[in-house]
Structures are given as structure tokens and as C-alpha cells.
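One letter stands for each residue in the lines below.
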Amino acid sequence: MRVSDFAIIANEMNQESVIADIEQKARAAGVSISALCNRAGVHPTTFSRWKKSARNPEPMGASLLAIGKIYNELEKLAPKRARRATKVAA
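Residues numbered from 1 in each chain as written. Predicted model: local features only at pLDDT ≥ 70, side-chain atom pairs only at ≥ 80, totals over all residues. Heavy atoms only, no water.

(A) Geometry of the overall build of the chain. In terms of helices and strands, the chain carries five helices and zero strands. Secondary structure elements of the chain occur, N-terminal to C-terminal, as α-α-α-α-α. Across the 90 residues of the chain, 27% fall into the buried class. Restricting the contact set of the chain to residue pairs at least 6 apart, pairs at least 24 apart contribute 62%. By element, 55% of the accessible surface of the chain is carried by carbon and sulfur atoms, the whole surface being about 5,800 Å². (Helix = DSSP H or I, 4+ residues; strand = E, 2+ residues; numbered from the N terminus. Buried < 20%, exposed > 50% of the residue type's maximum accessible area, 1.4 Å probe, protein only. Contact = heavy atoms within 4.5 Å. Areas by Shrake-Rupley, 256 points an atom, 1.4 Å probe, with all protein chains shown as cover.)

This is the structure we're talking about:
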């Protein structure tokens, strides 16, 4: 994906829904957020600062570049998931 693709995603989704989407896709890929962030070159603490929570009621804004890096890593994991599913089915 290109950065412009992420700009489209950002326009269609708010930050909370983008973070939730990344978390859901990471769970589906069987990878922790920490491992995913490390693969993408984004510090896991930075990711946690993007999330709204009781302890963090005013999260910092996520950069499109960092979000793009994370989604790129998720895309790289997709073929691995498909290979695993094929092995399990066989």
C-alpha cells in the first residue's frame, strides 16, 4: 500500500477505529501488537499512546506514515496465515 492509500483509510475511519482494525488484524494474524510494531519500526509505546483509554483520555495523533508501516507489515503476514491455514486443512 502507498501512503496515499492510508490517507483514504484515515478519511473513512477515525483514529479509534483504525487502531481497533489493526488490533483485530493482528489477533487474526496471531501476532502481538508489540511484535507487529517492532516489525514495522514503530515503538509499541507509541502505538499505546494512540489508543484512547481511561488512563489515556486524550490520545496523541497517529501519523499516517507509522500507520502505513503497520498495515504493510500486516499485509506481509497475510500470506503466512494462508500457508498455515492450508497446512492445517491438509
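Having put the structure on the table, let's press on.
(B) Structural context of the nonpolar core. Of all hydrophobic cores here, the largest spans 18 residues; its most connected members are I22, L36, W50, I70 and L74. Elements represented by at least two residues in this core include exactly α2 (15–29), α3 (33–40), α4 (44–50) and α5 (64–89). Counting residues per element, this core draws most heavily on α5, at six residues. With near-sequence residues (within four places) excluded, W50 lies in contact with Q15, I19, V42, P59, M60, G61, A62, S63, A66, I67 and I70. (Core = buried A, V, L, I, M, F, W, Y, C linked by side-chain atoms within 4.5 Å.)

(C) Focus on α2. In a regular helix each residue adds 1.5 Å, so 15 residues correspond to 21 Å; α2 covers 21 Å between its end C-alpha atoms and thus fits that length. When we look at burial in α2, the residues that qualify are V18, I19, D21, I22, E23, A26 and A29. Where α2 begins, one side-chain oxygen reaches toward the backbone nitrogen of E16, 3.1 Å away; that side chain belongs to N14. (Expected span 1.5 Å × (residues − 1). Polar contact = N/O pair within 3.5 Å; in protein donor to acceptor, adjacent residues only side chain to side chain.)

(D) Representation of the pattern of salt bridges. Scanning the entire structure with this criterion turns up four salt bridges. Linking E73 and R39 is a salt bridge whose minimum nitrogen-to-oxygen distance equals 3.2 Å. One end of the pair, E73, is in helix α5; the other, R39, is in helix α3, with 34 residues separating them in the sequence. E73 sits in the buried class, given a relative accessible area of 8%. For R39, a relative accessible area of 38% translates into the label partly exposed. The partner of E73 in a salt bridge is K76, and the shortest N-O contact between them spans 3.0 Å. (Salt bridge = Lys/Arg side-chain N within 4 Å of Asp/Glu carboxyl O.)

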